[in-house]
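Listed below are the residues making up each chain.
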Amino acid sequence: MTHSIRRATADDAGPLAELAAVTFPLACPPSSSPSDIAAHLANTLSEAHFTRYLADPDITILVIDADGPLTGYSLLVDRPAADPDVSSALTLVPSVEISKCYVHPDYHGLGAAAELMHASLEAAAATGAAGAWLGVNSQNARAIRFYGKSGFRKVGTKSFRLGSTVEHDFVLERPLP
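Bear in mind that the values here come from a model prediction, so they are computed numbers and not experimental data.

This next bit is on the overall build of the chain. Broken down by element type, the chain carries six helices and seven strands. What you see in the chain, going N to C, is helices and strands ordered as β-α-α-α-β-β-α-β-α-β-α-β-β. The globule rule puts the C-alpha radius of gyration for 177 residues at 16 Å, and the 15 Å found for the chain is close to it. With the C-alpha coordinates aligned to their principal axes, the bounding extent of the chain is approximately 40 × 35 × 30 Å. For the chain, the proportion of its 177 residues judged to be buried stands at 45%. Residue pairs at least 24 apart in sequence account for 67% of intrachain contacts in the chain once pairs closer than 6 positions are excluded. Only carbon and sulfur atoms are counted for the fraction: they give 55% of the accessible area of the chain, which is about 8700 Å². In the chain, 13 side chains carry a positive charge and 19 a negative one; their mean positions are 7 Å apart.

Let us now look at the sheet that holds strand β5 (residues 131-137). Reading across the sheet, the seven strands line up as β1-β2-β3-β4-β5-β7-β6 and stay open at both edges, with mixed pairing between neighbours. Across the chains shown, the open sheet's two edge strands, defined by having one partner strand only, are β1 (5-7) and β6 (153-162). Along the sheet, successive strands turn relative to each other by an average axial angle of 30 degrees, direction set aside. Where helix α2 (residues 34-44) meets the sheet, its contacts fall on β6 and β7 (165-175), and the angle it forms with β6 comes to roughly 95 degrees. Relative to the sheet, helix α3 (residues 47-55) contacts β2 (59-65) and β3 (70-77), its axis offset from that of β2 by approximately 115 degrees.

For the rest of this paragraph, the subject is unusual backbone geometry. Here the amide bond leading from Val 93 into Pro 94 is cis, since omega sits at 0 degrees, within 30 degrees of zero. Residue placement: Pro 94 occurs in the loop between α4 (84-89) and β4 (95-103).

What follows deals with the pattern of salt bridges. Using the criterion set out here, one finds six salt bridges in the structure. For Glu 173, the salt bridge identified is with Arg 153, shortest N-O distance 3.9 Å. Of the two residues, Glu 173 is situated in strand β7 and Arg 153 in strand β6; the sequence distance between them amounts to 20 residues. In this structure Glu 173 comes out as buried when scored by relative accessible area, which is 1%. Residue classification places Arg 153 among the partly exposed positions, given a relative accessible area of 48%. For Asp 169, the salt bridge identified is with Lys 158, shortest N-O distance 3.6 Å. Residue Asp 169 is found in strand β7, and its partner Lys 158 is found in strand β6; the two are separated by 11 residues along the sequence.

Attention shifts here to the packing of aromatic side chains. Considering all chains together, one arrives at six aromatic pairs under this definition. Look at Phe 24 and Tyr 102: their rings are 6.4 Å apart centre to centre, the planes differ by 85 degrees, and that puts the pair in the edge-to-face class. Of this pair, Phe 24 sits in the loop between α1 (13-23) and α2 while Tyr 102 sits in strand β4, placing them 78 residues apart in sequence. Both residues of the pair, Phe 24 and Tyr 102, count as buried. A network of ring pairs unites the aromatic residues Phe 24, Phe 50, Tyr 53, Tyr 73 and Tyr 102 as a single cluster.

Thresholds, definitions, all that
Residues numbered from 1 in each chain as written. Predicted model: local features only at pLDDT ≥ 70, side-chain atom pairs only at ≥ 80, totals over all residues. Heavy atoms only, no water. Helix = DSSP H or I, 4+ residues; strand = E, 2+ residues; numbered from the N terminus. Rg over C-alpha atoms; globule rule 2.2 N^0.38 Å. Buried < 20%, exposed > 50% of the residue type's maximum accessible area, 1.4 Å probe, protein only. Contact = heavy atoms within 4.5 Å. Areas by Shrake-Rupley, 256 points an atom, 1.4 Å probe, with all protein chains shown as cover. Lys, Arg positive; Asp, Glu negative; His and termini not counted. Charge placed at Lys NZ, Arg CZ, Asp CG, Glu CD. Pairing = 2+ DSSP bridges. Axes fitted to C-alpha atoms, helices over the stretch in contact; angles between N-to-C directions. Salt bridge = Lys/Arg side-chain N within 4 Å of Asp/Glu carboxyl O. Phe/Tyr/Trp six-rings, centres within 6.5 Å; stacked < 30°, edge-to-face > 60°.

Here it is, written out as structure tokens:
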């Protein structure tokens, strides 16, 4: 199945926040509290935040557009990693962060995530970067398998604050074509 993937526009900020509210909780460990998830959504994945991301020249957001509600998105950040644990782990620099890559659960298993990742890697490669990296929760086995199939390998670890708790992520990277 081929999915229509395009660069997000300012009009997508609200729909992106709605999609994030559905998809982000799926990536959280089972022990995550609803209040911590809600705090993260409010503090980083609200419509206002997506509006700012869309206006940032270092950020690219790609969306899967099914001629209706958005069904997936990725957010790429083209600047050096600010986290010292990440920057010391990366072996391919410059590197683009794939900060978010989510697909609505109704589209899991239909190839949408693989197509979105392929488009994200093409967009990252277009920047001239040597590699792409991402952080994934160490307990998210499904995502870790997917990223492995997408050519990523573990190069380090980092901490991630989710509301009032600190989660532990693997840092994965892969070369860009």
